[in-house]
Amino acid sequence: MPISSSFVRFTLIFGCLLLVQCGVQVQPKFTVDLEPFYGTYKGNTLDVIKGEMSQRELGVTIKPWEKKGFTIEWTTVIHLPDGERRVVAPSINFYRSPRPGIFASSMTTNSFGNTVPYDPLKENADPYVWAGLEKNTLTVSALYILEHGGYELHVYSRTLKNNGLELEFERINNGEKMTEILAKLERVES
């Protein structure tokens, strides 16, 4: 009995959807040059345009990740007005998405053993994180879905400048810009 062309099409479409659902990481045929960003940078906030007035010490390391993509590790030490210090130090791996210049975060493992971004709809409210590269700016965005359906977006735009990075951080809550901070980070090691 011959196999119909509609059965073959159905099988191909079903197979592709299964691969997408399983979180298979597609390696596209393009290359994006992240090497100029690789290194360690340190600095302080230059200007708080809007929002919190706390002084911040900043550090970031951008490096290759096991031939899969790249890793960004950053540390923010926030000096609060009451003399307390708060330290935030995430480390996130990113791999290429099928779209040029867009990278998916690799923050957890799904039931098939593939690394995938966090699910922002889960009860623990982890953010959905991705990165984008346009010219000399590498941007990492983190989307938090808040109670009652609202959202908060944290955007870290790091632009290569001379021997360092210029950082612009924005915190947007339900469309309103709550915080905007500028900083200059100098390269301390390559």
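Up top is the structure.
**Q** I would appreciate a short explanation of the pattern of salt bridges in the present structure.
**A** Two side chains bearing opposite charge may form a pair once their charged atoms approach each other closely. Throughout the structure, instances matching the rule amount to five salt bridges. For Glu152, the salt bridge identified is with Arg171, shortest N-O distance 3.3 Å. Of this pair, Glu152 sits in strand S11 (residues 151-161) while Arg171 sits in strand S12 (residues 164-173); the two residues are 19 residues apart in sequence, bridging distant segments of the chain. We note a salt bridge from Lys177 to Glu180, for which the minimum N-O separation is 3.5 Å. Taken together, the shared-partner salt bridges connect Glu170, Lys177 and Glu180 into one network.

**Q** Help me understand the nonpolar core in this model?
**A** As a rule of thumb, nonpolar side chains are buried together in soluble globular proteins. Formed by 26 residues in total, the largest nonpolar core has its most connected members in Ile62, Phe70, Ile72 and Phe94. Only strand S2 (55-65), strand S3 (69-79), strand S5 (91-96), strand S9 (128-134), strand S10 (137-145), S12 and strand S13 (176-189) provide two or more residues apiece to this core. When sequence neighbours within four positions are dropped, the list of residues in contact with Ile62 reads Phe37, Tyr38, Gly39, Phe70, Thr71, Ile72, Leu138 and Leu165.

**Q** Help me understand the environment of Glu66 in this model?
**A** On the secondary structure map, Glu66 appears in the loop between S2 and S3. Taking the relative accessible area as the measure of exposure, Glu66 reaches 58% and is therefore exposed. With 27 residues separating them in the primary sequence, Glu66 and Asn93 have C-alpha atoms 9.8 Å apart.

**Q** Sorry, what's going on with the packing of aromatic side chains here?
**A** Tallied over the full model, the rule gives five aromatic pairs. Ring centres of Trp74 and Tyr156 lie 5.0 Å apart, and the angle between their planes is 50°; this geometry places the pair in the tilted category. Of the two residues, Trp74 is situated in strand S3 and Tyr156 in strand S11; the sequence distance between them amounts to 82 residues. Each member of the pair Trp74 and Tyr156 is classed as buried. Lying over the aromatic face of Trp74, Arg158 brings its terminal NZ or CZ to 5.0 Å of the ring centre.

**Q** Please clarify how the pairing of S2 should be interpreted in this entry.
**A** The side chains of a regular strand alternate between both faces of the sheet. As paired elements, S2 and S3 share 11 bridges and run antiparallel to each other. Each bridged residue has a counterpart across the sheet, and for Leu58 the counterpart in S3 is Thr76. Following S2, the chain reverses through three residues before pairing antiparallel with S3; Glu66 in that reversal takes a positive phi of roughly 40°.

**Q** Honestly, the pairing of S10 in this entry has me stumped. Any pointers?
**A** With seven bridges joining them, S9 and S10 adopt antiparallel strand pairing. Within S10, the residue paired with Val129 across the bridge is Ala142. As consecutive antiparallel partners, S9 and S10 are separated by two residues, and within that stretch Lys135 has a phi angle of approximately 55°, a positive value. What sits between S10 and S11 in their antiparallel hairpin is a turn of five residues, with His148 showing a positive phi close to 65°.

Cut-offs and rules
Residues numbered from 1 in each chain as written. Predicted model: local features only at pLDDT ≥ 70, side-chain atom pairs only at ≥ 80, totals over all residues. Heavy atoms only, no water. Salt bridge = Lys/Arg side-chain N within 4 Å of Asp/Glu carboxyl O. Helix = DSSP H or I, 4+ residues; strand = E, 2+ residues; numbered from the N terminus. Core = buried A, V, L, I, M, F, W, Y, C linked by side-chain atoms within 4.5 Å. Buried < 20%, exposed > 50% of the residue type's maximum accessible area, 1.4 Å probe, protein only. Contact = heavy atoms within 4.5 Å. Phe/Tyr/Trp six-rings, centres within 6.5 Å; stacked < 30°, edge-to-face > 60°. Lys NZ or Arg CZ within 6 Å of the ring centre and 35° of its normal. Pairing = 2+ DSSP bridges.

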